Amino acid sequence: MGRAAGRRRFHKRIDFSEAAARWRWPPPPLKSNYEILLGDGCNAACLFCCAYKEIGNWLPWARVKGDIAREQAAGTQMITFSGGEPTLYPGLARAVAFARKSGFTLIQAISNGMKFADAAFAREIAGAGLNLAKVSLHGVDAATHDRLTGVKGSFELALEGMSNLNALGVYTSLNMAVTKANYRQLPLYVKFFSERMALTGFCFYFGFYTGRMADEEALQVPYSEVTPYMRYALEYMRQRKVRIDWKVLGNFVPCLMPEYANVMMDWGRTGDAPGRAVVRKKGESLSSGEFMSKRKVLPATCRGCAYYGACYGIDRRYYEKFGSGEFRPVKTPPASFPLEPIY
Ligand code: SF4
């Protein structure tokens, strides 16, 4: 582990139940979340970025405002701002304030965290009403994280940003893109951030083989190499009673670790993360289900799986590279699970 992370003092994070009470979050389960992709602009150059080849312009304010108003009228419970990097969007404070004024109580940003290292900026956005931040950290040390983001110093800035958000009462959690460069760190990652920062929110996204990731052979790794480390990390959470707030696994499918199917998001029609997350591409809007259906493939070997018909299948590019040998049909889904998310 990098020495800088090891000796750093973190501001204590607000507890989940404290945050839920303070911000009046709706009781679980969360039924709907609308994600607004503000644009593709970013201040990092992540080696695994799947948006890398589609850098575009910011969403016009009228569209952002219209989306928030429409979702509020539709009864959506949560608004998420993402990108690209949402903190670069010139009207982020205005968008967050508008969501707050419209009545949303769950307002989230998915960010690399760097801009929140600027205490005045963090204060402005938290003051506008942001109460959840999912920050991307791709390793337990600066060398790993900075190499993956392509920005020297990004690890320190992200930690500083999280500390600022914690001090402001914004509930923080972590995102990690799992690649060949960092998967062996998974158990240490969970141990370090749950012990040192009292974090209970983790999201481990297995890299999609599109955009830049499709060309980065050095980051590509089969699931079967990753899952033993992932299991170890999740078992650590169970043993240490880390009460996870949301589902923790992205771009995994049940047959890889059936005992954790309930903490996998986005694998299928019955396993989606809550709601109507929408992906925009050149003005086109797709529900997360439509998006996943386009991106994934169900090999013939899936027939006979208990999840067949519900599961979207495997990332198409992953399948082309590694084949379908790792995906063995599940005969009987587990009756119980070792981890249960709050939402
Ligand atoms: S349908 Fe296929 S990919 Fe999905 S869980 Fe079953 S075997 Fe795995």
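Residues numbered from 1 in each chain as written. Predicted model: local features only at pLDDT ≥ 70, side-chain atom pairs only at ≥ 80, totals over all residues. Heavy atoms only, no water.

(A) Up close: helix H6 (residues 142–149). Buried within H6 we find Thr144, His145, Asp146, Leu148 and Thr149. In this structure, the buried residues of H6 make contact with strand S4 (132–136) and helix H7 (154–167). Structurally, the start of H6 carries an N-cap: the backbone nitrogen of alanine 143 is 3.2 Å from a side-chain oxygen of aspartate 141. (Buried < 20%, exposed > 50% of the residue type's maximum accessible area, 1.4 Å probe, protein only. Helix = DSSP H or I, 4+ residues; strand = E, 2+ residues; numbered from the N terminus. Contact = heavy atoms within 4.5 Å. Polar contact = N/O pair within 3.5 Å; in protein donor to acceptor, adjacent residues only side chain to side chain.)

(B) Layout of the pairing of strand S1 (residues 33–37). For S1, a buried count of five out of five residues is recorded, marking the element as mostly surrounded by other parts of the structure. On S1, burial covers both faces: Asn33, Glu35 and Leu37 on one face and Tyr34 and Ile36 on the other are all buried. Note: S1 against strand S2 (residues 78–82), five bridges, orientation parallel. Within S2, the residue paired with leucine 37 across the bridge is serine 82. (Pairing = 2+ DSSP bridges.)

(C) Representation of the environment of proline 338. Structurally, the position occupied by proline 338 is in the segment after helix H11 (316–322). For proline 338, a relative accessible area of 32% gives the class partly exposed. Setting aside residues up to four positions removed in sequence, proline 338 forms contacts with Arg238, Glu259 and Tyr260.

(D) Representation of helix H5 (residues 119–128). Among the residues making up H5, those that are buried are Phe121, Ala122, Ile125, Ala126 and Ala128. With its buried residues spanning 160 degrees around the axis, H5 presents them on a single face. Opposite the buried face of H5, at more than 90 degrees from it, the exposed residues are Arg123 and Gly127. Looking at the packing, one finds that the buried side of H5 touches helix H4 (92–102) and H7. Just beyond H5, the residue with positive phi is glycine 129, at close to 130 degrees. (Arc of directions from axis to C-beta.)

(E) Summary view of the side chain of asparagine 175. Along the chain, asparagine 175 falls in strand S5 (residues 171–178). Excluding anything up to four places from it in sequence, asparagine 175 contacts Ile110, Lys134, Val135, Ser136, Leu137, His138, Tyr189 and Cys203.

(F) Spatial organisation of the state of the cysteines. Counted by the stated rule, this structure contains zero disulfides. Free of any disulfide, cysteine 46 has its nearest cysteine sulfur in cysteine 42, 6.0 Å distant. (Disulfide = S-S within 2.5 Å.)

(G) Region of interest: the environment of tyrosine 307. As for its position among the elements, tyrosine 307 is in the loop between strand S11 (296–297) and strand S12 (314–315). A sequence separation of 53 residues divides tyrosine 307 from proline 254, and the C-alpha atoms of the two residues are 7.7 Å apart. Those residues in contact with tyrosine 307 that lie beyond four places of it in its chain are Pro254, Ala261, Trp267, Val330, Pro333 and Pro334.

(H) Inspection of the site of the ligand at higher detail. Around the ligand, the neighbouring residues are Val253, Pro254, Cys255, Leu298, Cys302, Cys305, Cys311 and Pro329. By residue class, the composition of the shell around the ligand is eight nonpolar, no polar and no charged. (Near = heavy atom within 4 Å. Nonpolar A, V, L, I, M, F, W, Y, C, P; charged D, E, K, R; others polar.)

(I) Local environment of unusual backbone geometry. Of the consecutive residues proline 28 and proline 29, the connecting peptide bond is found in the cis state with omega at 0 degrees. Structurally, proline 29 can be placed in the loop between helix H2 (16–23) and S1. Omega for the bond connecting glycine 83 with glycine 84 falls within 30 degrees of zero, at 10 degrees, which places this linkage in the cis form. Residue position: glycine 84 is located in the loop between S2 and H4. If you check the backbone angles, alanine 198 has positive phi at about 55 degrees while not being a glycine.

(J) Just the environment of methionine 176, in detail. On the secondary structure map, methionine 176 appears in strand S5. Among the residues examined, methionine 176 registers a relative accessible area of 1% and is labelled buried. Sequence separation between methionine 176 and glycine 139 is 37 residues; the distance between their C-alpha atoms is 7.5 Å. Aside from chain neighbours lying at most four places away, what touches methionine 176 is Leu137, His138, Asn182, Leu186, Tyr189, Cys203, Phe204 and Tyr205.

(K) Fine view of the nonpolar core. Core analysis: the biggest nonpolar cluster contains 91 residues, and Phe81, Phe193, Phe204 and Leu249 have the highest contact counts within it. What phenylalanine 193 contacts, discounting residues up to four positions off in sequence, is Leu137, Gly139, Val140, Leu159, Leu174, Ala198, Leu199 and Phe202. One finds Ile14, Phe16, Trp23 and Tyr171 within the second-largest nonpolar core, a separate group that totals 13 residues. (Core = buried A, V, L, I, M, F, W, Y, C linked by side-chain atoms within 4.5 Å.)

(L) View of the pattern of salt bridges. Following the criterion strictly, the structure yields nine salt bridges and no others. Among the salt bridges present, the one from arginine 231 reaches glutamate 259, with a minimum N-O distance of 2.6 Å. Of the two residues, arginine 231 sits in helix H9 (residues 223–239) while glutamate 259 sits in the loop between strand S7 (249–250) and strand S8 (264–265), which places them 28 residues apart along the sequence. We classify arginine 231 as partly exposed; its relative accessible area is 31%. In this structure, glutamate 235 engages arginine 238 in a salt bridge whose closest nitrogen and oxygen atoms are separated by 2.7 Å. One end of the pair, glutamate 235, and the other, arginine 238, are both in helix H9, three residues apart, so they sit about a helical turn from each other. Since its relative accessible area comes to 24%, glutamate 235 is described here as partly exposed. Judged by its relative accessible area of 38%, arginine 238 is partly exposed. (Salt bridge = Lys/Arg side-chain N within 4 Å of Asp/Glu carboxyl O.)

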